[in-house]
Amino acid sequence: MKYFFDRLKDERKRLGLNQDEFAALGGVKKGAQFNYENGSRTPDSDYLAAVAAAGVDVLYLLTGEHASSALPADEQELLIGYRKLDIRAKARVLGVLEGIIEPAVTPAPRSVERSTQMVFHGKVGQQIHGDVTAPQTINVGRKKKSP
C-alpha cells in the first residue's frame, strides 16, 4: 500500500499541477508542499479542505481507497474516464449531460414574444441554455457560390 505522501503526489499529478500550483491550492508555500510529498511533514485539515475543493480525492489521500469505489461499476468507469479528460473535453461532456437531463420541475410555458438566449462557447461546441419555444434556424458555414 502506498504512503500518504505518495498518494498526495499521485493526486497532484492527476490534476496536472506542479508543486507551486498545488501548494497555492492548499494555501501553503512550495517548501511545505515539498515536505508533504517527501513525507517529512503532514498537512493540516485546512490544507486538506482546500485541496478537496479543487478536486482532490481526500478519501484516497487518507485511506488509499478512492471515493468512487462506493459507486456502481458503470459510474466508476465514467468517473475514471471523465477525470482523464482535459478541460475542453470535460466541458463537452457536461454540455451533453445538460442537454439530455430532464428538468426536475416542468417550467411554466413562456410567451412566444420573449427572446430565447443562446450561448456559444468558443471551440468546444455550442451549448443552448433555456427553452427554445419557437422554430429556430441556424446557418453554419459559407453561402454556396453561384455557378
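Look a little higher up for the structure.
These figures come from a predicted structure and were not determined experimentally.

Asker: What should I look at first to understand the pattern of salt bridges in this one?
Answerer: Close approach of charged atoms lets side chains of opposite charge pair. Enumeration according to the criterion identifies three salt bridges in this entry. Residue Arg14 is joined to Glu11 by a salt bridge in which the shortest nitrogen-to-oxygen separation is 2.9 Å. Here the residue Arg14 and the residue Glu11 both occupy positions in helix 1 (residues 4-14), the gap between them amounting to three residues, near one helical turn. For Glu11, a relative accessible area of 2% puts it in the buried group.

Asker: What am I meant to see in the nonpolar core here?
Answerer: Considering soluble globular proteins, one finds that nonpolar side chains tend to be buried as a cluster. Listed in full, the 11 residues of the largest apolar core are Phe4, Leu8, Phe22, Ala32, Tyr36, Tyr47, Leu48, Val51, Val56, Val58 and Leu61. Those elements giving two or more residues to this core turn out to be helix 1, helix 3 (30-38), helix 4 (45-53) and helix 5 (58-63). With three residues, the single largest contributor to this core is helix 4.

Asker: I would appreciate a short explanation of the packing of helix 2 (residues 19-26) against helix 4 in the present structure.
Answerer: Interhelical geometry of helix 2 versus helix 4 gives an angle of 110° and a closest axis separation of 7 Å. In terms of axis orientation, helix 2 runs roughly perpendicular to helix 4. In contact with Phe22, Leu25 and Gly26 of helix 2, helix 4 contributes Tyr47, Ala50 and Val51. Residue classes in the contact of helix 2 with helix 4 are distributed as five nonpolar, one polar and no charged.

Asker: Explain helix 2 here, please?
Answerer: For an α-helix the count is 3.6 residues per turn, leaving residues at separations of three or four pointing the same way. By the burial criterion, the buried members of helix 2 are Gln19, Phe22, Ala23 and Gly26. Taken down its axis, helix 2 places every buried residue within 100° of arc, on the same side. Here helix 2 starts with a cap whose side-chain oxygen sits 3.0 Å from the backbone nitrogen of Asp20, and that cap is Asn18. Looking one or two places after helix 2, you find Gly27, whose phi comes out positive at around 75°.

Asker: I keep staring at the packing of helix 2 against helix 3 and nothing clicks. Help me out?
Answerer: A pair of packed helices is captured by two measures, namely the crossing angle of their axes and the spacing between those axes. At a minimum axis distance of 8 Å, the contact between helix 2 and helix 3 shows a crossing angle of 100°. One finds that helix 2 runs roughly perpendicular with respect to helix 3. Between helix 2 and helix 3, the contacting residues are Gln19, Asp20, Phe22 and Ala23 on the first element and Lys30, Gln33, Phe34 and Glu37 on the second.

Asker: I tried to follow the layout of surface pockets on my own but got confused; where do I start?
Answerer: Vacant regions in the atomic arrangement are exposed by a probe of water-molecule size rolled over the atoms. As a volume, the largest pocket reaches approximately 150 Å³. For the largest pocket, the full set of lining residues is Glu77, Leu78, Leu79, Gly81, Tyr82, Leu85, Val93, Leu94 and Leu97. At the level of elements, helix 6 (73-84) and helix 7 (87-100) are the ones that each hand at least two residues to the lining of the largest pocket. When residues in the lining of the largest pocket are grouped by element, the largest group, five residues, is from helix 6. A breakdown of the residues in the lining of the largest pocket according to their chemical character gives seven nonpolar, one polar and one charged.

Cut-offs applied
Residues numbered from 1 in each chain as written. Predicted model: local features only at pLDDT ≥ 70, side-chain atom pairs only at ≥ 80, totals over all residues. Heavy atoms only, no water. Salt bridge = Lys/Arg side-chain N within 4 Å of Asp/Glu carboxyl O. Helix = DSSP H or I, 4+ residues; strand = E, 2+ residues; numbered from the N terminus. Buried < 20%, exposed > 50% of the residue type's maximum accessible area, 1.4 Å probe, protein only. Core = buried A, V, L, I, M, F, W, Y, C linked by side-chain atoms within 4.5 Å. Axes fitted to C-alpha atoms, helices over the stretch in contact; angles between N-to-C directions. Parallel < 35°, antiparallel > 145°, perpendicular 65-115°, else oblique. Contact = heavy atoms within 4.5 Å. Nonpolar A, V, L, I, M, F, W, Y, C, P; charged D, E, K, R; others polar. Arc of directions from axis to C-beta. Polar contact = N/O pair within 3.5 Å; in protein donor to acceptor, adjacent residues only side chain to side chain. 1 Å grid on protein atoms, 1.4 Å probe; cavity = no way out; pocket = protein on both sides within 12 Å on 5 of 7 lines; lining within 4 Å. Points joined across faces, edges and corners; volume = space filled by probe spheres on them.

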